[in-house]
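Structural overview
One-letter residues, chain by chain:
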Amino acid sequence: MKAEDIIQETARFVQTRLKDAESGHDWWHIQRVWSNTKLILQTEEADVLVCELTALLHDIADSKFHDGDETIGPRIAGEFLQTVGLDVERIEQVQAIILNMSFKASLGERSFHSKELEIVQDADRLDAIGAIGIARAFTYGGFKNREIYNPGIPVEQHLTKEAYKNTTAPTINHFYEKLLLLKDKMNTATGKKIAEGRHHFMEDFLQQFYGEWNGER
């Protein structure tokens with residue numbers, strides 16, 4: 001099967017698989033990350049097929065919707081890619097990136113790194129910040145029935161993966177525990193440039209939020 005055919009077949013598989021997913025991690029999220037990946041690839045040298053396939057499959061079974069199981073996503077991705085005839089080396093690369101690209105993965109020990117990981121990681125992180133990042137944060141907070149904000153619950157800087165995974169803090173805290181940290185964690189020049197504007201948008205949002213919360217605006 002040609003590379004383009006593999007990509008299109010993968011897109012169809014993911015779209016079907018995620019048709020009932022939580023809306024912050026659904027097909028539209030995948031499509032945006034896929035688009036971000038292709039944008040970054042315009043200025044980066046990497047295996048395009050690995051990058052696009054990983055962008056499409058990176059949330060095929062997000063661990064937070066599967067009792068914290070971080071192996072199920074790479075396993076499902078690998079099983080699917082075998083059916084379309086992708087070579088073993090690339091399958092293993094896609095699986096390794098999926099396992100290591102998340103924010104929580106960066107809080108633990110990482111034994112794998114590649115240019116392809118940098119690209120797809122940036123593409124995914126860009127969708128976690130800015131206007132869409134804000135929308136996704138509150139969508140997931142509502143999905144988990146979390147408070148929007150509670151001044152009595154302090155922000156915690158999670159130093160371990162387990163602490164981050166187990167947090168039940170209000171959504172506003174999530175900005176300080178993850179979203180506002182992503183700008184300085186970008187890998188590529190394109191990712192860094194886009195992240196700047198989206199980061200400032202979140203800062204403006206928070207200023208407006210606190211003003212309204214305190215009856216000042």
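Above this text you will find the structure in question.
Quick look at the structure, then. Please read all numbers here as calculations on a predicted model, not as lab measurements.

The next subject is the overall build of the protein. When helices and strands are tallied, the protein shows 10 helices and 0 strands. Put simply, the protein runs from its N terminus to its C terminus through helices and strands in the order α-α-α-α-α-α-α-α-α-α. On C-alpha atoms alone, the protein measures out to a radius of gyration of 18 Å, which is about the 17 Å that the 2.2 N^0.38 rule sets for 217 residues. With the principal axes as the frame, the protein shows a C-alpha extent of 60 × 35 × 35 Å. A total of 217 residues make up the protein; the buried ones form 48% of that total. Counting only contacts in the protein whose residues sit at least 6 apart along the sequence, the fraction spanning at least 24 positions is 65%. Taken as a whole, the protein presents about 11000 Å² of accessible surface, with 49% of it coming from carbon and sulfur. Averaged over its 25 positive side-chain charges, the protein has a centre that lies 1 Å from the centre of its 35 negative ones.

Quick look at the pattern of salt bridges now. In the structure shown here, the tally under the stated rule is 10 salt bridges. Where Lys19 meets Asp20, a salt bridge forms, and the shortest distance between an N and an O atom there is 3.1 Å. We note that Lys19, like Asp20, is exposed. With a shortest N-O distance of 3.6 Å, Asp127 and Arg136 are connected by a salt bridge.

Further remarks concern the packing of aromatic side chains. Taken as a whole and assessed by the stated rule, the structure comprises 12 aromatic pairs. A centroid spacing of 4.8 Å and a plane angle of 75 degrees characterise the contact between Tyr149 and Trp213, whose relative ring orientation is edge-to-face. Of this pair, Tyr149 sits in the loop between helix H7 (130–143) and helix H8 (161–165) while Trp213 sits in helix H10 (residues 189–213); the two residues are 64 residues apart in sequence, bridging distant segments of the chain. With relative accessibility at 18%, the residue Tyr149 sits in the buried group. Note on Trp213: relative accessible area 43%, which makes it partly exposed. Where Phe209 meets Trp213, the ring centres are 5.8 Å apart and the plane angle is 25 degrees; that geometry is what we call stacked.

Running from N to C, helix H1 (residues 3–17) and helix H3 (residues 48–57) point in directions that differ by 5 degrees, and their axes come no closer than 9 Å. Classified by the angle their axes make, H1 and H3 are roughly parallel. Contact residues: H1 offers Ala3, Ile6, Ile7, Thr10, Ala11, Phe13 and Val14, while H3 offers Leu49, Glu52, Leu53, Leu56 and Leu57. Residue composition of the contact of H1 with H3, grouped by class: 10 nonpolar, 1 polar and 1 charged.

Structurally, Ala195 can be placed in helix H10. Residue classification places Ala195 among the buried residues on the basis of a relative accessible area of 0%. For Ala195 and Asp122, which are 73 residues apart along the polypeptide, the C-alpha to C-alpha distance reads 9.1 Å. Once residues lying within four places of it in the same chain are set aside, the contact partners of Ala195 are Leu126, Ile129, Lys183 and Met186.

With 9 of its 10 residues buried, H3 lies for the most part within the structure. Among the residues of H3, those classed as buried are Leu49, Val50, Cys51, Glu52, Leu53, Thr54, Ala55, Leu56 and Leu57. By the N-cap criterion, in which a side-chain oxygen at the helix start approaches the backbone nitrogen of a residue two or three places on, H3 is capped by Asp47, the distance to Leu49 being 3.1 Å.

With that settled, the discussion passes to the nonpolar core. Formed by 53 residues in total, the largest nonpolar core has its most connected members in Val14, Leu53, Leu56, Leu57, Leu81 and Phe175. In terms of residue count, the dominant contributor to this core is H3 (7 residues).

Each value, and the rule that gives it
Numbers given for residues are sequential positions, taken from 1 along each chain in its written order. This being a predicted model, a pLDDT of at least 70 is required before a residue's local features are given, and a value of 80 or more before pairs of side-chain atoms are given or counted; all residues contribute to the totals for chains, interfaces and linings. Excluded from the side-chain calculations are hydrogens and water; all other atoms, namely the structure's heavy atoms, are used. Strands here mean DSSP runs of E at least two residues long; helices mean DSSP runs of H or I at least four residues long; both are numbered from the N terminus. Throughout, the radius of gyration refers to the C-alpha atoms, and the reference size of a globule is 2.2 Å times the residue count to the power 0.38. The buried label goes to any residue with under 20% of its type's maximum accessible area, the exposed label to any with over 50%, and the partly exposed label to all in between, with areas taken from a 1.4 Å probe on protein chains only. Working rule for contacts: check all heavy atoms of both residues, and any pair within 4.5 Å makes them a contact. What sets the accessible areas is the Shrake-Rupley method with a 1.4 Å probe; for residues, cover comes only from the shown protein chains. Counting rule for charge: Lys and Arg are taken as positive, Asp and Glu as negative, and neither His nor the chain ends is counted. To locate a charge, the coordinates of NZ of Lys, CZ of Arg, CG of Asp or CD of Glu are taken. Take a side-chain nitrogen of Lys or Arg and a carboxyl oxygen of Asp or Glu: if they are within 4 Å of each other, that pair is a salt bridge. Think of it this way: a Phe, Tyr or Trp ring, Trp meaning its six-membered ring, pairs with another when their centres are within 6.5 Å, and the plane angle makes it stacked under 30 degrees, edge-to-face over 60, tilted otherwise. Interaxial angles span 0 to 180 degrees and are taken between N-to-C directions of axes, which are lines fitted to C-alpha atoms, for helices over the stretch in contact. Each angle receives one of four descriptions, namely roughly parallel if under 35 degrees, roughly antiparallel if over 145, roughly perpendicular if within 65 to 115, and oblique otherwise. Any residue that is not Ala, Val, Leu, Ile, Met, Phe, Trp, Tyr, Cys, Pro, Asp, Glu, Lys or Arg is counted as polar, Gly included; the first ten are nonpolar and the last four charged. Here a polar contact is recorded for every N or O atom pair within 3.5 Å, except that within protein the pair must consist of a potential hydrogen donor and a potential acceptor, and residues adjacent in sequence are included only if both atoms are side-chain atoms. Remark: nonpolar core denotes a set of buried residues (Ala, Val, Leu, Ile, Met, Phe, Trp, Tyr, Cys) joined through side-chain atoms within 4.5 Å.

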